[in-house]
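Given next are the chains, with one letter for each unit.
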Amino acid sequence: MELREIGKTGEKIPVVGMGTWAMGNSTGEQRREEIKALQRGIELGMNFIDTAEVYGHGKSESLVGDAIKEYRDDVFLATKVAPENFAYDDVIRSCETSIQRLGVKFVDLYQLHWPSPRIRIQETMRAMEELVATGKTRYIGVSNFSVEQTMQAQESLPRSEVVSNQMRYSITSRSIEADVLPFCRKEKITVIAYSPLDTGKIPISRIPKDMLARYEMTPAQLMLNWVTYQDPVVAIPKAGRIPHIEENARSIDMRISQADYEALSKKFQ
Ligand SMILES: NC(=O)c1ccc[n+]([C@@H]2O[C@H](COP(=O)([O-])OP(=O)(O)OC[C@H]3O[C@@H](n4cnc5c(N)ncnc54)[C@H](OP(=O)(O)O)[C@@H]3O)[C@@H](O)[C@H]2O)c1
């Protein structure tokens, strides 16, 4: 699996990780399958897992905790705090609860899920730095932040850096190319692309068949290859089934050519 530096940390993570939205609500056989799917993904090198306290009201974090029990040291683990918990004490409490649900001692990346219109970013970031100082998290990230909001977030961190901004990005959802993506590239902030498979609505009929044949790729693989083509983007497709996990893990075994990357970019513009 290809690796890419997260922020300016010097630490590398897989360019294709795993999202877990809508996981954990299941019970019985489906829950077991989701756990096995995540474990297979870790074995195949997609050992970067993203979850959030709001996913299934904590059930996604609990499922991830069950999946990574035997693999904790191998996994780069990311979760998120929701805006209603952005007050100082609430951030600390949310992180501690997430850590408990995940069954770990710390999370690698703690992210602000959405900007808050209510609580000042300075107060939230004071708590985020406290979590780093006490070893509960290692890195601070944001999600769904505009350029201006990312700059404010960075200015509110006297001792740390914003290492990532998690944003919707896929071949069919390109709005970040106007501003957030170039800004993050310049500032060396990793863009974590969410919904990289357009939430499963893969535009199969629009993807050139000759390209799929030439690279022996499926439409999903070509989408992931395209979205992670350029620094500083990594992607977190969600797959609850092992065949999808195995397909996604092989999506960047080979890189498409620059000419094909550009042709695809133009076709979906
Ligand atoms: N920060 C935010 O605000 C935010 C918002 C949305 C999402 N996210 C994160 O990003 C992750 C991914 O986004 P997403 O879940 O919205 O959408 P996505 O990853 O674009 O699509 C997920 C869907 O694609 C299907 N799929 C996966 N691999 C496939 C393959 N190889 N071939 C065909 N279909 C495939 C999955 O099916 P199966 O599950 O049946 O395998 C699932 O239905 C989330 O899980 C979450 O962690 C963050």
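Our structure's up above, just so we're on the same page.
The text that follows walks through the structure, step by step, so that each part is easy to find. Keep in mind the model is a prediction, meaning the values are calculated, not measured. (Residues numbered from 1 in each chain as written. Predicted model: local features only at pLDDT ≥ 70, side-chain atom pairs only at ≥ 80, totals over all residues.)

Below, the discussion takes up the nonpolar core. With 73 residues, the main nonpolar core has V191, A193, V227 and A235 as its most contacted residues. For this core, the element with the highest residue contribution is helix α8 (residues 219-227), accounting for 6 residues. Aside from chain neighbours lying at most four places away, what touches A235 is V15, V16, A193, P196, L224, V227 and T228. (Core = buried A, V, L, I, M, F, W, Y, C linked by C-beta atoms within 7 Å. Buried ≥ 20, exposed ≤ 12 C-beta atoms within 10 Å, placed from the backbone. Helix = DSSP H or I, 4+ residues; strand = E, 2+ residues; numbered from the N terminus. Contact = placed C-beta atoms within 7 Å.)

Attention shifts here to the pairing of strand β5 (residues 76-81). Extensive coverage of β5 is indicated by the burial of 5 of its 6 residues. Pairing between strand β4 (residues 48-50) and β5: 3 bridges, direction parallel. Bridge pairing in β5 links D50 to A78. The handedness of the β4 to β5 crossover, carried by helix α2 (residues 59-68), is right-handed. Strand direction decides the pairing type here: β5 and strand β6 (residues 107-112), joined by 4 bridges, are parallel. For V81, the partnering residue across the bridge sits in β6 and is L112. This β-α-β element, β5 to helix α3 (residues 88-102) to β6, shows right-handed connectivity. (Pairing = 2+ DSSP bridges. Right-handed = clockwise from strand over helix to strand, strands pointing away.)

Across the 5 residues of strand β9 (residues 190-194), 5 count as buried, placing the element largely inside the fold. Of the strand pairs in this sheet, strand β8 (residues 162-168) and β9 are connected by 5 bridges, and their pairing is parallel. Residue pairing across strands places N165 opposite V191, the latter belonging to β9. In this region the chain leaves β8, passes through helix α6 (residues 180-187) and returns to the parallel neighbour β9; the handedness of that crossover is right-handed. Bridging between β9 and strand β10 (residues 233-235) involves 3 bridges; their strand directions are parallel. Looking at β10, one finds that V191 is bridged to V233.

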